Amino acid sequence: MHEITSREQDQLLRFMRRHRKQLMSFPNVRSVDIGFEFKRKRPSDRLAIRVHVTRKMPDSSLTPSEQLPDEIEGVPVDVIESNPVPNVDVRHSRHDPVLGGINVGNLKVGGPGTGDPGTLGAIVFERGTLRPLALTNWHVAVADPPVAMDPIIQPDPVAPDPEPPNNFLGRLLRWDQGLDAAVSSIGEQDGSRSRNVSTDIEGLPLPASGSKPHVVGLKVLKSGLRTGVTGGTIDGTDGIEFSVVPDDFALPQGVLSDHGDSGALWLDRNTFTAVGLHFAGISSPEVRAWGKSLSRICDTLNIFVLDVAAIGTPWIGGHCRVLASTRAHAPCNLRIVYPSGRTSHARGLGAATADAQGLVRWQWRIGSSTRRMPGVKMSAHLTLDGAEHLLLAELEGATDLSG
């Protein structure tokens, strides 16, 4: 299998959408996507419109009007039997700092002590404020009916405990059922201290490094609660949902995913850039796993995956924050230059030291007399363990001219 270009994928997706309604009307059809055609249960290099059915039926049992076409306008149609099952199950220990690849859950999902925990995919951050949030699946973290501010726990215990550990993690903040995604805060309860956070992911040598759209043919991996680190190749997508099949990546258990892996991040195997959120998988009649577009999830839930550094919304008369990732305990520095060319000397800027997880933060107040200039942005000059980085941001808010 080869990795196709974004342009090729977009063209084929547009073609698929023109015929999707017609294909979805056939019996047993679960979904329609585009990707590699399968021959003898293995992906080929030939691209096709793929129709996923809950059960393959012999042509002899179908009327002519119920039989799917072999091709549409010269594009092959491949019929794939697949019934993805949400992956939720096992429990792990309490973590501080909190990181990706560990147990997380909501006791209301499945009932007290028998909840359906899944995988905390990664620590992500809220756009604008840069506060850390825990990302997982909707079906892992959201009860029925959904309740904002529900307590999210880590770990989710395997059975009722007469002396439960301090497993409170935070509060459910936002979710999207269609994208099977949810985020929670990492906060305090009853005056107890919030846990530390790390952008690391259990079992992986590097943290997730930003995010990008997924493409068919991309080699990916994930770190899930049940199966650990597994990998494969994206073999098809409908633009939002994508599927992954095994390739040359070793699968010690012979499966890509299992109960408990829901919520894990799918990452580009070469760059560790996040492309999707795992939500389901099957091992029969063939091994396959599914994910949702992380780009769409980030836009919908107002979050981002930290790359090297990020700047929050700079409000005139308010506060601004900068967050960066580097070596643990590394020396760092931040210098802010406003559109006028003036260097800020506000408290909170300057030298700082990264914490034990390699994260470093700055927060300062932007004076109300700070002015905007057309076409000129505020610049943040960072030094992270000797390496220089530049962030640019548009000033928000009104300049106070009363004085």
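Draft legend 1. Here's a closer look at the overall build of the protein chain. Looking only at helices and strands, one finds three helices and 28 strands in the protein chain. A compact globule built from 403 residues would reach a C-alpha radius of gyration of about 22 Å, and the protein chain, at 24 Å, matches this within 12%. Along the longest, intermediate and shortest principal axes, the C-alpha atoms of the protein chain span 85 × 60 × 40 Å. The proportion of buried residues among the 403 residues of the protein chain is 51%. Here the analysis covers contacts within the protein chain between residues at least 6 apart in sequence; of these, 66% occur between residues at least 24 apart. When the accessible surface of the protein chain is totalled, it reaches about 18000 Å², and 50% of it is carbon and sulfur. Distance from the positive charge centre (42 side chains) to the negative charge centre (45 side chains) of the protein chain: 5 Å.

Draft legend 2. Representation of the sheet that holds strand E22 (residues 309-311). Taking strand neighbours across the sheet as the criterion, the three strands line up as E22-E23-E26 in an open arrangement whose pairing is antiparallel. In this open sheet, the two edge strands, each paired with only one partner strand, are E22 and strand E26 (359-365). Each strand of the sheet is rotated relative to its neighbour by a mean of 10°, with strand direction disregarded.

Draft legend 3. Focus on the side chain of Arg288. Summarising the element assignment, Arg288 is placed in strand E20 (residues 288-293). Taking relative accessible area as the criterion, Arg288 reaches 0% and is therefore assigned buried. At 2.9 Å, the side chain of Arg288 forms a polar contact with the side chain of Asp235. Polar contacts involving the side chain of Arg288 include one to the side chain of Glu286, which spans 2.4 Å. Here Arg288 is in contact with Phe38, Arg50, His52, Ile80, Asp235, Ser243, Val244, Val245, Leu256, Gly281 and Ile282, once residues within four sequence places are set aside.

Draft legend 4. Quick look at the domain arrangement of the protein chain. What the domain assignment reports for the protein chain is domain 1 (6-81), domain 2 (91-201), domain 3 (218-301) and domain 4 (309-395). Of the residues lining the interface, nine residues belong to domain 2; the matching set on domain 4 comes to 11 residues. Of the roughly 740 Å² buried at the junction of domain 2 and domain 4 (both faces included), carbon and sulfur atoms supply 65%. By the criterion of area lost to domain 4, the three top residues of domain 2 are Gly128, Leu130 and Val197, representing 54% of everything that side buries. Where domain 2 packs against domain 4, one counts zero salt bridges. At the junction of domain 2 with domain 4, the criterion picks out one residue pair in polar contact (both at pLDDT 80 or more). Top element by residues in the side of domain 2 that touches domain 4 is strand E14 (residues 197-201). It accounts for three residues. Tallied by class, the residues present in the side of domain 2 that touches domain 4 amount to four nonpolar, five polar and no charged.

Draft legend 5. Quick look at the side chain of Ser262. Note on placement: Ser262 falls in the loop between strand E17 (241-245) and strand E18 (265-268). The exposure class of Ser262 is buried, given its relative accessible area of 0%. A distance of 3.2 Å separates a polar side-chain atom of Ser262 from the backbone oxygen of Phe279.

Draft legend 6. Region of interest: helix H1 (residues 6-24). The sharpest bend along H1 measures roughly 45° and falls at Arg18. For H1, the full list of buried residues reads Gln9, Leu12, Leu13, Phe15, Met16, His19 and Leu23. Looking at the buried residues of H1, the elements they touch are strand E1 (29-39), strand E2 (42-53), strand E3 (71-72), strand E4 (75-81) and strand E16 (228-237).

Draft legend 7. Structural context of the state of the cysteines. All chains considered together, the criterion is met by zero disulfides. Free cysteine: Cys320, not disulfide-bonded; nearest cysteine sulfur from Cys332 at 17 Å.

Draft legend 8. Structural detail: the pattern of salt bridges. A full pass over the atoms with the stated rule returns 22 salt bridges. The partner of Asp299 in a salt bridge is Arg127, with the nearest N and O atoms 2.9 Å apart. Here the residue Asp299 occupies a position in helix H3 (residues 294-301), and Arg127 occupies one in the loop between strand E9 (122-126) and strand E10 (132-136), the gap between them amounting to 172 residues. The residue Lys219 makes a salt bridge to Asp248 at a minimum N-O spacing of 3.7 Å. On the criterion of sequence distance, the pair formed by Lys219 in strand E15 (residues 219-224) and Asp248 in the loop between E17 and E18 is long-range, its members being 29 residues apart. Here the residues in one salt-bridge network are Asp33, Arg50, Asp235, Glu286 and Arg288, joined through shared partners.

Draft legend 9. A look at the sheet that holds E9. An order of E11-E12-E13-E10-E9-E21 is seen for the six strands of this open sheet, with the pairing classed as antiparallel. In this open sheet, the two strands that pair with only one neighbour each are strand E11 (151-153) and strand E21 (303-304). Pairing of E9 with E10, which is carried by four bridges, proceeds in the antiparallel orientation. What sits directly across from Ala122, in E10, is Leu135.

Draft legend 10. Focus on unusual backbone geometry. A cis amide bond, omega 15°, links Asp96 with the succeeding residue Pro97. The topology assignment puts Pro97 in the loop between strand E5 (85-86) and strand E6 (98-100). Of note, the amide linkage connecting Gln154 to Pro155 takes the cis form, showing an omega dihedral of 0°. Position of Pro155 relative to the elements: it lies in the loop between E11 and strand E12 (168-176). Positioned with a positive phi, Asp180 is a non-glycine residue whose angle comes to about 50°.

Calculation notes
Residues numbered from 1 in each chain as written. Predicted model: local features only at pLDDT ≥ 70, side-chain atom pairs only at ≥ 80, totals over all residues. Heavy atoms only, no water. Helix = DSSP H or I, 4+ residues; strand = E, 2+ residues; numbered from the N terminus. Rg over C-alpha atoms; globule rule 2.2 N^0.38 Å. Buried < 20%, exposed > 50% of the residue type's maximum accessible area, 1.4 Å probe, protein only. Contact = heavy atoms within 4.5 Å. Areas by Shrake-Rupley, 256 points an atom, 1.4 Å probe, with all protein chains shown as cover. Lys, Arg positive; Asp, Glu negative; His and termini not counted. Charge placed at Lys NZ, Arg CZ, Asp CG, Glu CD. Pairing = 2+ DSSP bridges. Axes fitted to C-alpha atoms, helices over the stretch in contact; angles between N-to-C directions. Polar contact = N/O pair within 3.5 Å; in protein donor to acceptor, adjacent residues only side chain to side chain. Domains from an automatic or database assignment. Buried area = accessible area lost by both parts, 1.4 Å probe. Salt bridge = Lys/Arg side-chain N within 4 Å of Asp/Glu carboxyl O. Nonpolar A, V, L, I, M, F, W, Y, C, P; charged D, E, K, R; others polar. Bend = angle between axes of the 7 residues up to and from the residue. Disulfide = S-S within 2.5 Å.

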